[in-house]
Amino acid sequence: MKFLVTLLVTFIMTSFSIEDKEVYLCGPKGAKKYHYTKSCRGLSNCKHEITKQKLSEAEAFGLTLCGWED
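Keep in mind that this is a model prediction, so the values were computed, not measured. (Residues numbered from 1 in each chain as written. Predicted model: local features only at pLDDT ≥ 70, side-chain atom pairs only at ≥ 80, totals over all residues. Heavy atoms only, no water.)

A word on the side chain of Gln53. Relative to the helices and strands, Gln53 is located in strand E3 (residues 50-54). Among all residues touching Gln53, those that are not within four sequence positions of it are Lys21, Glu22, Val23, Leu25, Ala58 and Phe61. (Helix = DSSP H or I, 4+ residues; strand = E, 2+ residues; numbered from the N terminus. Contact = heavy atoms within 4.5 Å.)

One pass over the structure, following the stated rule, counts one aromatic pair. Considering the side-chain rings of Tyr34 and Tyr36, the 6.0 Å spacing of their centres and the 65 degrees angle between planes classify their relative orientation as edge-to-face. Residue classification places Tyr34 among the buried positions, given a relative accessible area of 5%. With relative accessibility at 30%, the residue Tyr36 sits in the partly exposed group. Between Lys21 and the ring centre of Tyr36, over which it is positioned, the NZ or CZ distance is 4.4 Å. (Phe/Tyr/Trp six-rings, centres within 6.5 Å; stacked < 30°, edge-to-face > 60°. Buried < 20%, exposed > 50% of the residue type's maximum accessible area, 1.4 Å probe, protein only. Lys NZ or Arg CZ within 6 Å of the ring centre and 35° of its normal.)

Taking every second residue as pointing to the same face, the buried face of E3 carries Thr51 and Gln53, while none of Ile50, Lys52 and Lys54 on the other face is buried. In this structure, strand E1 (residues 22-26) lies alongside E3, joined through five bridges in antiparallel fashion. Looking at the pairing, Leu25 lines up with Thr51 of E3. (Pairing = 2+ DSSP bridges.)

Turning our attention to the state of the cysteines. All told, the structure shown has one disulfide when counted by the stated rule. Here Cys26 connects covalently by a disulfide to Cys46, the sulfurs 2.1 Å from one another. Residues Cys26 and Cys46 share a disulfide whose torsion about the S-S bond is about 95 degrees; that sign makes it right-handed. Note that Cys26 is positioned in strand E1 and Cys46 in the loop between strand E2 (33-34) and E3, a separation of 20 residues in sequence. A relative accessible area of 22% places Cys26 in the partly exposed class. A disulfide-free cysteine, Cys66 has its sulfur positioned 3.8 Å from the sulfur of Cys40, the nearest such atom. (Disulfide = S-S within 2.5 Å.)

By the secondary structure assignment, Thr51 is in strand E3. The class for Thr51 is buried, based on a relative accessible area of 17%. Thr51 has contacts with Val23, Tyr24, Leu25, Gly27 and Pro28, leaving out every residue within four places of it along the chain.

Structure follows, in structure tokens:
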């Protein structure tokens, strides 16, 4: 039983930390994709400022993961 509780707590904590991860966007407005790394190939043609945002916020705005990072 103690093992199951520990496993459940670990799973919940991991889930929350993933959603708080910061991702990168091309510009503060008009972005359609997010990127895990600033050096992602999908950001190489970005003509705007590359900004950081929390993953949960990016997904709430309807952004999806860049195809180069699938």
